[in-house]
Amino acid sequence: MLDIEAVTKTFFRGTVNERVALSDVSLHLDEGDFVTVIGSNGAGKSTLLNIVSGRYQADIGRITIGGRDTTRMPDWRTARLVSRVFQDPMAGTAPHLTIEENLSLAYSRGRARGFGPALTRRRRKLLREVLAPLEQGLEDRLTTKAGLLSGGQRQALSLTMATFSNPRVLLLDEHTAALDPARAALIARLTDEAVARQGLTTLMVTHNMEQALSMGNRLIMMHEGRIVFELSGRAKEEATIESLLAEFEHLRGGVGPGMSDRTLLA
Ligand SMILES: Nc1ncnc2c1ncn2[C@@H]1O[C@H](COP(=O)(O)OP(=O)(O)OP(=O)(O)O)[C@@H](O)[C@H]1O
Ligand SMILES: [Mg+2]
């Protein structure tokens, strides 16, 4: 479904500030794969997502989504195929639009025609059904402006908007990091439910090791612009927070068991 082939991205190339954010990164996701992405600050995680979404273009390499080459597609076109949720709950929703207007916009994304300006009773019923499982009471506040919601409520709405249009690829960049523990757990659960229900092909960046292990069917660790190791299947189920932390330690040059050099443990 998603193929990232030998992608390299350098910022400020040829200047003193030159920074290789991604170095020859390859990753293949089958349809329905849910990959959690960990790695220290500056490892290249967000850059990887930005290249898949078309926000940045790769210097070298190729991206294909569902067989379509999107390497040089501008992000407004890739948006038909890819949805994102960011760390900032304010980023995914338009504050001056109501909940139903935000959802209608999300629904029309990737479609020739959306709901249109008139929200009929039937459509409102559908929106209420979509919002009820969020357990935020948003289904009774369709005409409330999104800017008036709490961070957790807005993130639940952002996630719903991102998944509503059935994207080919869902990108989550630390989307629970700005929330309190209870709200973060709720958003994690809603993410799991949406991905499972819709079989979404997903890349999720997180600094929360427990989340990285408990969510998804694969895990990758990035370091200095490369994917340095990968876990899937039983190996992922049996990995522990301690074993991941030991891996980080190993990367920093400390002593530890180390499974680096992209060992694939299935
Ligand atoms: N738009 C940009 N312009 C210049 N440099 C950038 C840009 N975006 C990222 N970088 C650089 O690329 C490298 C990778 O950054 P990236 O944001 O991908 O890291 P990250 O793994 O997401 O880190 P974090 O955990 O802090 O979010 C960093 O050195 C960063 O400074
Ligand atoms: Mg980042």
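Residues numbered from 1 in each chain as written. Chains lettered and ligands numbered in written order. Predicted model: local features only at pLDDT ≥ 70, side-chain atom pairs only at ≥ 80, totals over all residues. Heavy atoms only, no water.

Draft legend 1. How the structure looks around the packing of aromatic side chains. Considering all chains together, one arrives at one aromatic pair under this definition. Seen from their ring centres, F11 and Y56 are 5.3 Å apart, and the 80° between their planes marks the pair as edge-to-face. Residue F11 is located in strand β1 (residues 2–11), and its partner Y56 is located in the loop between α1 (45–52) and β4 (60–65); the two are separated by 45 residues in the primary sequence. What makes F11 partly exposed here is its relative accessible area of 24%. (Phe/Tyr/Trp six-rings, centres within 6.5 Å; stacked < 30°, edge-to-face > 60°. Helix = DSSP H or I, 4+ residues; strand = E, 2+ residues; numbered from the N terminus. Buried < 20%, exposed > 50% of the residue type's maximum accessible area, 1.4 Å probe, protein only.)

Draft legend 2. Seen up close, the layout of surface pockets. A volume near 230 Å³ is recorded for the second largest pocket. For the second largest pocket, the full set of lining residues is V130, P133, L134, L159, T160, T163, F164, L190, E193, A194, R197 and Q198. Of all the secondary-structure elements, those providing two or more residues to the lining of the second largest pocket are α5 (151–164) and α6 (181–198). The element contributing the most residues to the lining of the second largest pocket is α6, with five residues. Of the residues belonging to the lining of the second largest pocket, the class tally is seven nonpolar, three polar and two charged. (1 Å grid on protein atoms, 1.4 Å probe; cavity = no way out; pocket = protein on both sides within 12 Å on 5 of 7 lines; lining within 4 Å. Points joined across faces, edges and corners; volume = space filled by probe spheres on them. Nonpolar A, V, L, I, M, F, W, Y, C, P; charged D, E, K, R; others polar.)

Draft legend 3. Highlighting the pairing of strand β10 (residues 226–232). With respect to burial, β10 is a largely interior element, six of its seven residues being buried. The sheet contact formed by strand β9 (residues 218–223) and β10 spans six bridges and is antiparallel. Among the inter-strand pairings, L219 is bridged to a residue of β10, identified as L231. Linkage of β9 to β10, two consecutive antiparallel strands, is achieved through a turn of two residues, within which E224 is found at a positive phi near 45°. (Pairing = 2+ DSSP bridges.)

Draft legend 4. Region of the structure containing the site of ligand 1. Around ligand 1 lies a shell of 15 residues, among which G42, K45, S46, T47 and Y56 are the nearest. One nitrogen or oxygen atom from the main chain of G44 is found 3.0 Å from an oxygen atom belonging to ligand 1. In isolation ligand 1 has 630 Å² of accessible area, and contact with the protein removes 69% of it. Residue assignment for the shell around ligand 1 shows that the elements contributing at least two residues are β2 (19–29) and α1. Among the elements that line the shell around ligand 1, the one with the most residues is α1, at three residues. (Near = heavy atom within 4 Å. Polar contact = N/O pair within 3.5 Å; in protein donor to acceptor, adjacent residues only side chain to side chain. Areas by Shrake-Rupley, 256 points an atom, 1.4 Å probe, with all protein chains shown as cover.)

Draft legend 5. Structural detail: the sheet that holds β2. The strand order β2-β1-β4-β5 describes an open sheet built from four strands, whose pairing is antiparallel. Of all strands in the sheet, those bounded by a partner on one side alone are β2 and β5 (68–69). Here β4 runs beside β5; their pairing, made up of two bridges, is antiparallel. Paired with T64 across the bridge in β5 is D69. Lying over the sheet, α1 contacts β1, β2 and β4, oriented at roughly 120° with respect to β1. (Contact = heavy atoms within 4.5 Å. Axes fitted to C-alpha atoms, helices over the stretch in contact; angles between N-to-C directions.)

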